[in-house]
Amino acid sequence: MTMAPKDIQSKESVPSQRPDNTAFTQQRLPAWQPLLSASIVLPFFFLAGFSFIAVGIGLFYSSNSIKECEFDYTGSQPGDRCGECLNVVFNATHPCNCNFTFNLTDVFQGPVFMYYELSNFFQNHFRYMASRDDTQLSGYLSNLKSPVNACYPYQYDEKNTPYAPCGAVANSMFNDVFKLSYYVNGNYTEVPLTGKGIAWWTDYNIKFSNPTEDNKTLTAVFEDTTQKPPQWAVPVWQLSDDATNNGFVNEDFIVWMRTAALPSFRKLYRRIESGNFTEGLPVGQYFLQIDYKYPVLSFNGRKKIVFSSVSWMGGKNPFLGIAYIVFGSLCVFFGILMLIVFLKTQGTTNDDM
Amino acid sequence: MDSCTNCGLFRWVWQLLGFDPPNHSETRTVYVANRFPQHGHYIPQKFADNRIISSKYTVLNFVPKNLFEQFRRIANFYFLIIFLVQLMIDTPTSPVTSGLPLFFVITVTAIKQGYEDWLRHKADNEVNGAPVYVVRSGGLVKTRSKNIRVGDIVRVAKDETFPADLVLLSSDRINGSCHITTASLDGETNLKTHFAVAETAVLQSVTDLDTLIAVIECQQPEADLYRFVGRITIRQHSEDLVRPLGPENLLLRGARLKNSKEIFGVAVYTGMEAKMTLNYKTKSQKRSAVEKSMNSFLLVYLIILLFEAILSTIMKYAWQAEDQWDEPWYNRKTDKERNSSKILKFISDFLAFLVLYNFIIPISLYVTVEMQKFLGSFFISWDLDLYHEESNQRAQVNTSDLNEELGQVEYVFTDKTGTLTENEMQFKECSVNGIKYQEINGKLVPEGVTVDFPDGPTTGLTKEEELFFKAISLCHSVQIGQDRVDGSLDGFQCANGISTQPEYYTSSPDEKALLEASRRMGVAFSGIDGNFMEVKIFGKLERYKLLHLLEFDANRRCMSVIVDTPSGDKILFTKGAESSIFPNTKGGELDRTSVHVDEFASKGLRTLCVAYRRFTAEEYQEVDRRLCEARAVLHQREECLADVFNFIEKDLEILGATGVEDRLQDKVLETIDALRLAGIKIWVLTGDKQETAVSVSLSCGHFHRGMNILELVHQKTDRDCAEQLRQLARRIQDDHIIQHGLVVDGASLSLALREHEKLFMDVCKSCTAVLCCRMAPLQKAKVVRLLKISPEKPITLAIGDGANDVSMIQEAHVGIGIMGKEGRQAVRNSDYAIARFKFLSKLLLVHGHYYYIRISTLVQYFFYKNVCFITPQFLYQFLCLFSQQTLYDSVYLTLYNICFTSLPVLVYSLFEQHVHAHVLQSKPALYRDISKNALLGFKPFLYWTFLGFGHAFVFFFGSYFLMGEDTSLLGNGQMFGNWTFGTLVFTVMVITVTMKMALETHFWTWLNHFVTWGSIAFYFIFSLFYGGIIWPFLHTQDMYFVFVQLLSSGSAWFAIIIIIIACLFLDVMKKVAYRHIYQTNTEKEQSTETGSSINCLDSMCCYSGGETACVPIRRVLERMMGRCSPARFSRCGTSLNSLCCQRFSYKLENDEPTALDE
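Residues numbered from 1 in each chain as written. Chains lettered and ligands numbered in written order. Predicted model: local features only at pLDDT ≥ 70, side-chain atom pairs only at ≥ 80, totals over all residues. Heavy atoms only, no water.

Caption draft 1: Layout of the overall build of chain B. Of regular secondary structure, chain B possesses 43 helices and 35 strands. A total of 1158 residues make up chain B; the buried ones form 57% of that total. Considering only intrachain contacts with a sequence separation of at least 6, the fraction spanning at least 24 residues in chain B is 74%. Per element, the accessible surface of chain B, about 47,100 Å² overall, is 59% carbon and sulfur. (Helix = DSSP H or I, 4+ residues; strand = E, 2+ residues; numbered from the N terminus. Buried < 20%, exposed > 50% of the residue type's maximum accessible area, 1.4 Å probe, protein only. Contact = heavy atoms within 4.5 Å. Areas by Shrake-Rupley, 256 points an atom, 1.4 Å probe, with all protein chains shown as cover.)

Caption draft 2: The arrangement of the sheet that holds strand E5 (residues 165-171) of chain B in detail. Residues and elements named next belong to chain B. Pairing is antiparallel across the open sheet formed by six strands, whose spatial order is E3-E2-E4-E13-E5-E11. A strand with exactly one partner marks an edge of an open sheet, and here the two such strands are strand E3 (139-144) and strand E11 (250-251). The pairing of strand E4 (residues 153-157) with strand E13 (residues 262-269) spans five bridges and is classified as antiparallel. For Ala 157, the partnering residue across the bridge sits in E13 and is Glu 262. (Pairing = 2+ DSSP bridges.)

Caption draft 3: Broad picture of the environment of Gln 220 of chain B. Following the sequence through the fold, Gln 220 of chain B ends up in the loop between strand E8 (214-219) and strand E9 (230-236). Overall, the relative accessible area of 14% leaves Gln 220 of chain B in the buried class.

Caption draft 4: Examining the state of the cysteines more closely. Under the criterion given, the structure shown has three disulfides over all chains. At a sulfur-sulfur separation of 1.9 Å, the disulfide partner of Cys 151 of chain A is Cys 166 of chain A. Of this pair, Cys 151 of chain A sits in the loop between helix H5 (141-145) and helix H6 (168-171) while Cys 166 of chain A is found in the loop between H5 and H6, placing the two residues 15 residues apart along the sequence. Shown here for chain A is a disulfide pattern of 1-4, 2-3, 5-6, where each number marks a bonded cysteine counted in sequence order. Cys 558 of chain B takes part in no disulfide bond, and the closest cysteine sulfur to it belongs to Cys 475 of chain B, at a distance of 8.4 Å. The structure places no disulfide on Cys 764 of chain B, whose sulfur is separated from the nearest cysteine sulfur, that of Cys 767 of chain B, by 6.4 Å. Cys 764 of chain B sits in the buried class, given a relative accessible area of 0%. (Disulfide = S-S within 2.5 Å.)

Distances and angles like these do not, on their own, reveal function.
Here it is in structure tokens:
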């Protein structure tokens, strides 16, 4: 920095240069000066260690009390479950049906949730994930007519008709259909599966909405588009019979559109909470019917169906409990180790001081 | 064209733009009042106008020029490249992510620089627009300063500053002299007399001047303030008179006119070519050791970045080799991807990864460091302990780039006079005609005579004594106080001579002391009247005509005057160092004087010898002729003058010698002791002679009695010097228990440095104290340079007050100027300026230590937090097929460094005090804990880097295991997506990284609390806000309600807590273990300072106030501590009791800030 301006001024009439005597300028602000020394950290270690172990045990038990069972129905080997459906193609008009029974030996406390699980499916692939148009999905007509470039190659079809919904994510929507029946009194009664509330409330109510145009019906609004991505069997306005669950605001669709973080993921399919099953799934034999439509063989993927009850913390997740217990034990262990070291060196350091 | 090296960029740009064509001739010809010759055989020269431009930018060029300057920085350029890459190729992150931080950094810097430039513009305009009076077309014209052209005759009134470099034409005095003060140029407050050439001096009015036809030839502009060579050709009665012009004819821009009503002068150097402006050179940038380590860290991270990018690219292609990964049916490639060439794709993939990981290079590091330095340096100038009450001067920071270097100093090179000593001279003894005298109670007492008439009448002086004091009174360059000169010009009204004693003004304190002593003895210099010097001898006025003044110069080391005595003799009086006087002496009590001089010197007095020479008339004529000739020479005038001076100053008769004491400054001993305890080696470099220097060294504690003092002096030949050096080396080896001090003189030093540099350095390094005497200014710089480039590359600090220390100050890593009596030059060229030597200990031990700790933690932490930031991103690539999917949302990527994590570290780096200041000052040994760049060495760097990677792994895999179970984390069974995963990692990261800073902080002011908790709170509030809105201008709404959903999950909370604590656990454990096992002195002080280790909790409850709050905690603690050992228990108990009153004691400390001085 050049000092030019200052030097030109004369120094004759300088007022006192004495710096202000304030706590701030003299770096004497009141301050708390903590010190990480053994005697403060050690008790903390023990305290933290034991409380972590306690919490961990609690979490572990709570997680263990959650019931979960899963069934792989990929059928990758002939002879496996659904092996006959292995070579299904995506938008087959006649889905391959595959059924199997299973037994629950424990009561599943309700509400019970039904998930499908895909593995080796990279929803987190950059190219895949970017291939969507949130503006279109939130109902803007302009993007319905001209989806963003990111949707390519599912932006326009050969006839230059815009895809709705556009993009690879929408195109690859999971479309297996499940039906669950409970064997009671010699009869199978269908377990009512609720599709309400499987997507985030905000997604369903705010983020996703159907395009509207001068009181046109949903079908009419989609008229100028392909009405469905290339792989879909049904148009987007036929996803459900329920008007509040159709088009872009179809909950299955919304669930699918929330791309998963990892290559193996579960998505919520249905909730079991109504009819005779509000209390959960009782012990007994069940019969699962699957409309097997979704091909996973080509990328070595697997498909599973999962039934799970939840606690306030979600599904069965032993990781947290174990992590808390392990970490707590580590704390205690190192606490003891350090205590020994300190007691040994105590004398010497005291002499030093 | 050597002047161009000094004048910086503006001149260069100026020339480039063609405004200032390079000067081809070696001299410039100035036609006074721009009256060009009629004949037309001249080449018009172009000169710069008188506009001062210290500003860098104009409104028009600010943006491009500032951008250009900023992008010359490697880091900024790097981010620009990244940004451009993002713009050009299809990258996973939007260009905004790196563009916005870059824009932010550039804007902050530009605003700072723009503001500084605006201030400069304002100052420039003020200067350029100042009204001046110029003689044009026979009248006085008022115009603006910037309109002055070379050749204009300018009128300057009393107390105005000169608007350009002027050659004095006339003043309101008949002899054409005027007084000026150059305080704003070099800080010398004494009045200096400048003269007009006799032929122009008579032109005292505008109309007279209008008749003047003259041409001035002089050198091209150069920066040396004290050099001016030129001549004026005056056409009088169609006859050309040539008169020499020297510095005494030149009035420098920026100097101020005193004691004269008005002067007229011709502008010769204007605007950017004036000597003052040439002196505002942009100082060569000094870079601190921390900055160098910072750059090497940067390089390491750049390599890590490249490695990660290359690895990712290779992995991507390895995965893609299999079709099922490359292009499954649900994820078709675009045509572009399919068709583009392999190599191009490879490159663009590599670049994309580079962009993805580029944040590992912390973009805001530089701007934060700059802000920290800029803001932090205020604490130095604000420090009351560095404020000097008597001179009303506070510490001054000229560059904030080197704050932390103050904490790294290994060698201190200090000047003696004015630095270690007061530079307040006190006449003590003298030797006249071989008899030694002492001054006792204002009387001269010869040696051996007892003072039995303490109040008796003043005895007269012997003839020799009188001549001696006359010599002292005449041979000097002192000015008389301005009140007298001002009051009634050259009046005689104070003939009694006692009632008003004139004040002496001079740049040399020695001369002042001598004159005052002489006055006490009865021979008083009372002023200059025209060409006459007046001396009152016991009240009787004698007038001596001053014929010639042979100015002092550092090479000759003496000065002389030739006077015409009232009795008509022409006498030369010479005063100077004995080394320059004795060889030219042929008469007088040479031997005894020489003995006395040595005696004086060994007492630590500064000695000067006085001699005279009586000229015969013929001799004088010869002398006069040769002097006049030499002074009129245009080229190599200095050399000619030196020859003539040598011719004149010989065949001297010695008169005697003086001994003047220079008092040591306050607390020099303590300061040197403290610095030595801090592991700093101190070298004293002085121009004084050996005996004086040694005795001062002894009295200031630089040498002490127990030290074995080795000497390397008076070496004449190379061989002897080498032999002596070897001998010294042997002696040191034989006797390595005792401390050694080394004395070297300038001549021996130059021998030793020429051939035996290594040997000499070895000897020096094994000596505790080194004293170099008889040093020329450049030698000082050379010694500093030698140490600087020695293999250990120690950090050097040079401190001095005079112009002779400037080279050393500029050479050393840190240059410190003492605001002393010898002008401002040292201060102006220094990096820091303090008023007293004793302030050095606080500056180094406290400020240096703090700044080093602060900035090194800042640097390490910055790299750490960016490793934490980007490593999860890298790890995520393994889970997404290296498809370059980002883990975090773009906004988070952008704001991480700017908003979420920037403030706590900045506040830390401004306020951190790991140990209390008074502890640092009272325990200088703590300085050793940070020596050799200890906190930025390889080991700490590795530790921080691994910590960063470790933490990143914990965040990432912690979150991965939580989410990887594939179960719902919500009570309603719904699932999270990838953005929630990224947000989880990011949340954990922001909190951990902030908490890590909190762990590093030892000094929690309210500001620290505010920014630490504020940053975390801001992150939460921002995320809620950001996720709570559908942003109309964004393409994707990925983050919509993601954060809220995350926070509504109990599992996520449990995970966040454990991941954070697990991260910090490692670090805490390491800290505690190290504190206990490898305790550094600083840490020891921390624990003793706070009394006991539980003080932490204790002060916390004091902090929240109220002793009652302490009690339950204390009980719990006591119970807990009881387990450890009884000794500890009791210690805890007592300290707790005492510490609960800490607030009280703290108050005390507040009320007594001066107590910190101890």
